[in-house]
Amino acid sequence: MSGRVLVGVKRVIDYAVKIRVKPDNSGVVTDGVKHSMNPFCEIAVEEAVKLKEKKFIKEVVAVSCGPQQAQETIRTALAMGADRGIHVEVTGKDYDTLGPLQVSKIFAALAKKEDAQLLILGKQAIDDDCNQTGQMTAALLDWPQGTFASEVSLEGDKIKVVREIDGGLETIKINTPAVLTADLRLNTPRYATLPNIMKAKKKKIAQVKPADLGVDITSRLEVLRVDEPPQRLAGVTVETVDDLVAKLKESGTI
Amino acid sequence: MFPASRYSSKAHRCIRALQTVQVEHAAPQLYATLNTRRTCSSVSTPRITTHYTVHSRDKDSRWEGVEMERFADEADVVIVGGGPAGLSAAIRLKQLANEHEKELRVCLVEKASQIGAHTLSGACLEPSALTELIPDWKERGAPLNTPVTEDVFSILTEKHRIPVPILPGLPMVNHGNYIVRLGNFVRWLGEQAEELGVELYPGYAAAEVLFHEDGSVKGIATNDVGISKDGSPKDVFERGMELHAKVTLFGEGCHGHLAKQLYKQFNLRENCEPQTYAIGLKEVWAIDEKKWRPGRTEHSVGWPLNRHTYGGSFLYHLNEGEPLVALGFVVGLDYSNPYLSPFREFQRWKHHPFVAATLEGGTRIAYGARALNEGGFQSIPKLTFPGGLLIGCSPGFMNVPKIKGTHTAMKSGMLAAEAVFPKITAESLDSETTGLHAPEYAETLKNSWVWKELHAVRNIRPSFHNYFGLYGGMAYTGVFYWIFRGKEPWTLKHCGLDANQLKPAKDCTPIEYPKPDGKLSFDLLSSVALSGTNHEGDQPPHLTLKDDSVPVSRNLSIYDGPEQRFCPAGVYEYVPLETGEGMRLQINAQNCVHCKTCDIKDPSQNINWVVPEGGGGPAYNGM
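Criteria and thresholds
- Residues numbered from 1 in each chain as written.
- Chains lettered and ligands numbered in written order.
- Predicted model: local features only at pLDDT ≥ 70, side-chain atom pairs only at ≥ 80, totals over all residues.
- Heavy atoms only, no water.
- UniProt positions renumbered as here; feature names shortened; annotations may be inferred.
- Helix = DSSP H or I, 4+ residues; strand = E, 2+ residues; numbered from the N terminus.
- Contact = heavy atoms within 4.5 Å.
- Areas by Shrake-Rupley, 256 points an atom, 1.4 Å probe, with all protein chains shown as cover.
- Lys, Arg positive; Asp, Glu negative; His and termini not counted.
- Charge placed at Lys NZ, Arg CZ, Asp CG, Glu CD.
- Expected span 1.5 Å × (residues − 1).
- Buried < 20%, exposed > 50% of the residue type's maximum accessible area, 1.4 Å probe, protein only.
- Salt bridge = Lys/Arg side-chain N within 4 Å of Asp/Glu carboxyl O.
- Polar contact = N/O pair within 3.5 Å; in protein donor to acceptor, adjacent residues only side chain to side chain.
- Buried area = accessible area lost by both parts, 1.4 Å probe.
- Phe/Tyr/Trp six-rings, centres within 6.5 Å; stacked < 30°, edge-to-face > 60°.
- Axes fitted to C-alpha atoms, helices over the stretch in contact; angles between N-to-C directions.
- Parallel < 35°, antiparallel > 145°, perpendicular 65-115°, else oblique.
- Left-handed = near helix turned anticlockwise from the far one by under 90°.
- Nonpolar A, V, L, I, M, F, W, Y, C, P; charged D, E, K, R; others polar.
- Core = buried A, V, L, I, M, F, W, Y, C linked by side-chain atoms within 4.5 Å.
- Pairing = 2+ DSSP bridges.

The name an unreviewed UniProt entry gives chain B is Electron transfer flavoprotein-ubiquinone oxidoreductase, with Gasterosteus aculeatus aculeatus as the organism. On record in UniProt, under Subcellular location (unreviewed entry), the comment for chain B is "Mitochondrion inner membrane". Listed under Catalytic activity (unreviewed entry) in UniProt, the entry text for chain B is "a ubiquinone + reduced [electron-transfer flavoprotein] = a ubiquinol + oxidized [electron-transfer flavoprotein] + H(+)".

Named according to an unreviewed UniProt entry, chain A is Electron transfer flavoprotein subunit beta originating from Gasterosteus aculeatus aculeatus. Entered under Subcellular location (unreviewed entry) in the UniProt record, the comment concerning chain A runs "Mitochondrion matrix".

What follows is the structure, given as structure tokens:
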């Protein structure tokens, strides 16, 4: 086993920023807006670095797909403890239409190329909330998947994963190589402190294009229109039960 | 008449009343502090402040055994603050280094997560300093896209507007200036700096000044991370980093928290007046295209403020593709009525027919606020000390009647760089102290256009302190600035500290503000949400109180809790105690937009704003 872990990180609009739809309804305003690493990706990086510190794996490689600014996100991962980075360049219109299917094809190609033992991703990105990339990548690679992981432990060449599911917690044991997706309670990510950011400037970030990996990133989906959610109408307070029944009858509900 | 009327009789009575109140409370105050030093909370005051600047970690048992050693690094120059002054200084240093073929390591730390995210200003930029710094700014794509085409000045009454002609020579003439989104301009300056090799570190706040043994400044230390809300270390605790430099430039902007310490440490304010401030609140609106007049600047004074409260509005039509306007309201922080809420004055101003006409049918897309300097010439402190210099709005070079401070801030940064460069690249360190002292900076500043400009307008702001208030001030400006170009031989004084200007609540009338209508005016919390501000929740509140009991015992009882009203982000709230009797102060530190108004206006001067974990704060985009 190569002892190498690939961690996917995504640059998303910061969760505290108020989103604004572009005046032409083609998408959301991103120019100059504060971006940061997807919170679930931070947890994924932290898990990978913890595994390295416990000596289960040897190298952590941070990967991100996007324009030039994606390198900042990779630098943050490097400052948290990743050893090197890979920036898959996707810009302009291609980036606007980049979705989980294309990203999973890219990750699958890289996982094979880098001979990765593990691929750790965040469970979903907070901008599209797709929750698909991890699962699709596992399917493309025909690898087992441990999704919504809240606890991960390596036991020999198998991995024990405790998953958060609707009914509670599910514990599974899967073979390596595998894909894991990180859920909220997996760990508390460390801060990227300034000395580590300075050291991270010396770590390498390789640049590749999707074409170099043999991946076609044309989208099968076309975004027709983006709108704000409808304004929630104010509620009406009623004084008595009779009023309530009358209002319900009025609105045609009963 | 004007020089003698330093204080109107009303103000005299107010100040005398306040001094009496202060004396009455001085003794019990002292007793309370001595008594509560250990726990800092009496029976009825719950613990509010947990920050280590108030409760030292040396004697705290929870910090026993925690590694407090810091990683240190050396640079030639460290600059605190990535605003126009700091970035201009950095760019100038690197330009000089390239010219003279010298190696220079310049590190700049900035508390915002990205350069420009904490920048807020009108703004009408005078390109003089920019042209001096980067002559080919247009080719390099500087975002100065909206030259001013129209200049309108009005005095507003509740329903009407009195137009005031802007004669050439008046300070508010804007010909040749550009309406800019200063955040975008600062971001562009950051890109220029990075190209030249400046090391920019946004997301890291300078939290502490470091000193050599001889007392000179050694550099700064960035903030610690991973301290929980109750002051104890979390698992992810890590010490900040020390950045040592031959000289440190402090460009924290208006009322910087490190500058506050430096004033005390080096006694920099002994020969100048205390700084006086205003709060500026700003919104950006996308308006109906039919109402859009790109390049138009509108300023107003008068309604809704009375003639004794300094302030006014601005409304600028940007020309950047979308029909956007930047508008805002400025209120002088020397106001006396504790019931005044600058935020609500701003919201109700928008309902004036002249303003509502532009905004009707539009959508608000951004909100923010920041304190600004109004002291001008009289309040400039000593600018240099062993190991460091003060640049930009931190010492304060704003031209108040023009309401422009960016060009002077940039120039001060450039002059600082020029003063410091020969000294740090000289063969032998020409300084008595280990930290470099560069008094040449103050000298060159005194001989520059910055000084002349500030000197000419020095009497305009203080001239408002007379019986006729606003109208007296305007008359003074008309006579002594427009005609005599500020050459009168006297220099008027300000009123003293803004914090001392509040009258007790019982002597003032509460102001009836209209309810926000959700179309033109809005409530505070939805406005704060638009600023994108956020902080890591589990950290000690960075709005520290020297004494946790003072807010209820003094601010609430005498002034009816003015911090509930002057904070533009809803940080301070007086809520009933769980036990039923009495109130307590609740600090919602996560809402803070780093405007510094509370530190300035707190009548008890009990609030000390310190920097939170870097990266926190507003997420302004081109404000």
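Q: Summarise the overall build of chain A; cite the residues concerned and give the values.
A: Of regular secondary structure, chain A possesses seven helices and eleven strands. Each principal axis of the C-alpha atoms in chain A carries an extent, and together these give about 70 × 45 × 40 Å. Long-range pairs, those at least 24 residues apart, make up 71% of the contacts in chain A between residues at least 6 apart in sequence. Surface summary for chain A: the accessible area is close to 13,600 Å², and the carbon and sulfur share equals 51%. Taken as two groups, the 36 positive and 35 negative side-chain charges of chain A have centres that lie 7 Å from each other.

Q: Can you break down helix H2 (residues 84–99) of chain B residue by residue, with the values?
A: All names here are of chain B. Given a rise of 1.5 Å per residue, 16 residues ought to cover 22 Å, and the 22 Å separating the end C-alpha atoms of H2 matches this to within 8%. H2 sits mainly inside the fold: 13 of its 16 residues count as buried. In the stretch just after H2, Glu 101 is the one whose phi turns positive, near 50 degrees.

Q: Quick one: what's the story with the side chain of Glu613(B), residue by residue and with numbers?
A: Following the sequence through the fold, Glu613(B) ends up in the segment after strand S24 (607–609). The buried charged residue Glu613(B) lacks any salt bridge partner; its closest oppositely charged side chain belongs to Lys234(B), at an N-O distance of 5.3 Å. In terms of polar contacts, Glu613(B) uses its side chain to reach the side chain of Tyr191(A), at 2.9 Å. In this structure the side chain of Glu613(B) is engaged in a polar contact, spanning 3.2 Å, whose partner is the backbone nitrogen of Gly226(B).

Q: So, the interface of chain B and chain A: which residues are in play, and what are the values?
A: Contact residues are listed per partner, giving 28 residues for chain B and 22 residues for chain A. In total, chain B and chain A occlude about 2,200 Å² of area from one another, counting both sides; carbon and sulfur atoms represent 60% of this. Its largest share of buried area at the contact with chain A, chain B owes to Tyr201(B), Tyr204(B) and Val236(B), together 23% of the area lost on that side. There are one salt bridge connecting chain B and chain A.

Q: Account for the packing of aromatic side chains, with residues named and values stated.
A: Residue and element names in this part refer to chain B. If you walk through the whole model with that rule in mind, you get 13 aromatic pairs over all chains. Taking 4.9 Å as the distance between ring centres and 80 degrees as the angle between the ring planes, the aromatic pair formed by Trp 63 and Phe 237 counts as edge-to-face. One end of the pair, Trp 63, is in the loop between helix H1 (9–35) and strand S1 (72–80); the other, Phe 237, is in strand S12 (residues 233–238), and 174 residues separate them in sequence. Residues Trp 63 and Phe 237 agree in their burial class; the two are buried.

Q: Explain the packing of H2(B) against helix H4 (residues 182–195) of chain B to me, and be specific about the residues and the numbers.
A: Residues and elements named next belong to chain B. Where H2 meets H4, the axes come as close as 9 Å, and the angle between the chain directions of the two elements is 20 degrees. Here H2 lies roughly parallel to H4, going by the angle between them. In this structure, H2 crosses over H4, and the sense of that crossing is left-handed. Where H2 approaches H4, its residues Pro 84, Leu 87, Ser 88 and Ile 91 are matched on the opposing element by Leu 182, Val 186, Leu 189, Gly 190, Gln 192 and Ala 193. The residue inventory of the contact of H2 with H4, partitioned by class, reads seven nonpolar, three polar and no charged.

Q: For the UniProt feature "domain: Electron transfer flavoprotein alpha/beta-subunit N-terminal" (unreviewed entry) in chain A, give the residues involved together with the corresponding values.
A: Sites flagged by UniProt as "domain: Electron transfer flavoprotein alpha/beta-subunit N-terminal" (unreviewed entry) map to residues 25–217 of chain A. Note that residues 25–217 of chain A is 32% helix and 30% strand, and that its end C-alpha atoms are spaced 24 Å apart.

Q: Just give me the short version of the nonpolar core, but keep the residues and values in it.
A: Residue and element names in this part refer to chain B. The biggest cluster of nonpolar side chains holds 120 residues, and the ones touching the most others in it are Phe 250 and Tyr 441. The dominant element in this core, judged by the number of residues it contributes, is helix H8 (residues 406–425), at ten residues. The residues touching Tyr 441, leaving out its near neighbours within four places in the chain, are Leu 383, Thr 384, Leu 389, Leu 390, Ile 391, Phe 397, Ser 412, Leu 415, Ala 416 and Ala 419. Residues Ile 179, Leu 324, Phe 329 and Leu 543 belong to the second largest nonpolar core, which totals 73 residues.

Q: So what about the sheet that holds strand S5 (residues 84–89) of chain A? Which residues, and what values?
A: Residues and elements named next belong to chain A. Across the sheet, nine strands lie side by side as S9-S8-S7-S10-S6-S1-S4-S5-S11; this open sheet has mixed pairing. The strands lining the two open edges of the sheet, one partner per strand, are strand S9 (168–175) and strand S11 (205–208). Averaged over all neighbouring strand pairs, the angle between strand axes comes to 30 degrees, with direction disregarded. Bridge count between strand S1 (residues 4–8) and strand S6 (residues 118–122): three bridges; the pairing is parallel. Residue pairing across strands places Val 7 opposite Ile 120, the latter belonging to S6. Against the sheet, helix H1 (residues 39–53) engages S1, strand S4 (59–66), S6, strand S7 (145–155) and strand S10 (178–182), with an angle of about 150 degrees to S6.

Q: Let's hear about the pattern of salt bridges: which residues, and what values?
A: Residues and elements named next belong to chain A. Taken as a whole and assessed by the stated rule, the structure comprises 49 salt bridges over all chains. Residue Glu 46 is joined to Lys 50 by a salt bridge in which the shortest nitrogen-to-oxygen separation is 2.9 Å. Taken together, the residues Glu 46 and Lys 50, both in helix H1 and four residues apart, mark about one turn of the helix. On the basis of relative accessibility, which here comes to 2%, the residue Glu 46 falls in the buried class.

Q: Please give an account of the pairing of strand S5 (residues 150–156) of chain B that cites residues and values.
A: Residues and elements named next belong to chain B. Taking burial as the measure, the seven residues of S5 include five buried ones, the bulk of the element. Note: S5 against strand S15 (residues 296–302), seven bridges, orientation parallel. In the sheet register, Asp 151 faces S15, and the bridge partner there is Thr 297. Pairing of S5 with strand S6 (residues 161–164), which is carried by four bridges, proceeds in the antiparallel orientation. Paired with Ser 154 across the bridge in S6 is Pro 163.

Q: Any chance you could break down the sheet that holds strand S3 (residues 124–125) of chain B for me, citing the residues and the numbers?
A: Residue and element names in this part refer to chain B. Strands sit in the order S3-S7-S4 across an open sheet of three strands; the sheet is antiparallel. If you trace the sheet from one side to the other, it starts and ends with S3 and strand S4 (146–147), each paired once. In the sheet, S4 pairs with strand S7 (residues 178–179) via two bridges, with the strands oriented antiparallel. Among the inter-strand pairings, Pro 147 is bridged to a residue of S7, identified as Tyr 178.

Q: Pulling in residues and values, what's your account of the side chain of Thr49(B)?
A: Structurally, Thr49(B) is set in the loop between H1 and S1. In this structure, Thr49(B) is in contact with Val54(B), His55(B), Thr544(B), Leu545(B) and Asp548(B), ignoring residues within four places of it in sequence.

Q: Give a description of the environment of Gly532(B) that names residues and reports values.
A: All names here are of chain B. With respect to the secondary-structure elements, Gly 532 resides in the loop between helix H12 (524–530) and strand S21 (543–545). Taking the relative accessible area as the measure of exposure, Gly 532 reaches 4% and is therefore buried. Spatially, the C-alpha atom of Gly 532 lies 8.8 Å from that of Ala 366, the residues being 166 residues apart in sequence.

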